[in-house]
Amino acid sequence: MQNPNTPAYRIPEPFARVLGHLPRYPGSVLFVTGLNLVLTRHLHPDTLHMLEGRSLRIHVADAGLRFDYTWRDGAFRAARHEQAEPDLTFRADAWDFHCLLQRSEDPDTLFFSRRLVIEGDTELGLMVKNTLDSIDMAVFQPRTVLRDVLTTLRHRLRPASLSAQTNQTGS
């Protein structure tokens, strides 16, 4: 049962056909880059330990997009799950994923109305769902995302710039 206040929106079919033909791996690389920049710092170490080496997929059904990834060696990594099904798949239309991020729809409501499909390891799915439910969605607001990205980039670039200064003054 769809919330009457939520407009039903689907990616237009011609656009979805084009998106569905895009190669998965480059899209997965972009997806995990976003996860690493925005989400990783907000995940509990126990959660990351449970994700280690597990294969995951986000399937945006109406857009024909699939993002395959895993958590390995301290970061989300793009993956290729062509030979076997991933350990966990979340499938929904783009609008339903948007509603989940905005918290305008409850994941359980979407699940029981069959608008969100979770396939694979049930325990892993519940852990991921509960983890996402516990995150303050303000971390996904554009201003917060930009601040976090700039902070991450500053930290990554700082050692290189400090080394360059040390080499210049030490010579």
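Look above for the structure.
Now for a look at the structure at hand. (Residues numbered from 1 in each chain as written. Predicted model: local features only at pLDDT ≥ 70, side-chain atom pairs only at ≥ 80, totals over all residues. Heavy atoms only, no water.)

Comments concerning unusual backbone geometry
Alright, step 1. The backbone phi angle of D73 is positive, close to 55 degrees, even though this residue is not glycine.
Alright, step 2. Non-glycine residue R114 carries a positive phi angle of around 65 degrees.
Alright, step 3. The topology assignment puts R114 in the loop between α5 (107-112) and β5 (116-120).
Alright, step 4. Classification of R114 as exposed rests on a relative accessible area of 70%. (Helix = DSSP H or I, 4+ residues; strand = E, 2+ residues; numbered from the N terminus. Buried < 20%, exposed > 50% of the residue type's maximum accessible area, 1.4 Å probe, protein only.)

So, a nonpolar patch on the surface
Alright, step 1. Nonpolar side chains collect at one region of the surface, where L146, L150, L153 and L157 lie side by side and expose about 380 Å² of accessible area between them.
Alright, step 2. If you trace the backbone, L146 turns up in helix α7 (residues 142-170). (Patch = residues over 30% accessible without salt bridge, like charges linked within 9 Å, V, L, I, M, F, W, Y side chains within 5 Å. Areas by Shrake-Rupley, 256 points an atom, 1.4 Å probe, with all protein chains shown as cover. Salt bridge = Lys/Arg side-chain N within 4 Å of Asp/Glu carboxyl O.)

A short note on the pattern of salt bridges
Alright, step 1. Counted according to the given criterion, the structure contains 12 salt bridges.
Alright, step 2. D68 is the partner of R57 in a salt bridge, and the nearest nitrogen-oxygen pair spans 2.6 Å. With R57 in strand β1 (residues 55-60) and D68 in strand β2 (residues 65-72), the pair connects residues that are 11 residues apart, well separated along the chain. Of the two residues, R57 and D68, both sit in the buried class.
Alright, step 3. Between E85 and R57 there is a salt bridge, with its nearest N and O atoms 3.7 Å apart. Highlighted residues: E85 in the loop between β3 (75-78) and β4 (88-92) and R57 in strand β1, separated in sequence by 28 residues.
Alright, step 4. The exposed category is assigned to E85, whose relative accessible area is 64%.
Alright, step 5. R57 gets classed as buried once you look at its relative accessible area, which sits at 7%.
Alright, step 6. Members of the salt-bridge network, linked through shared partners, are R24, R57, D68 and E85.

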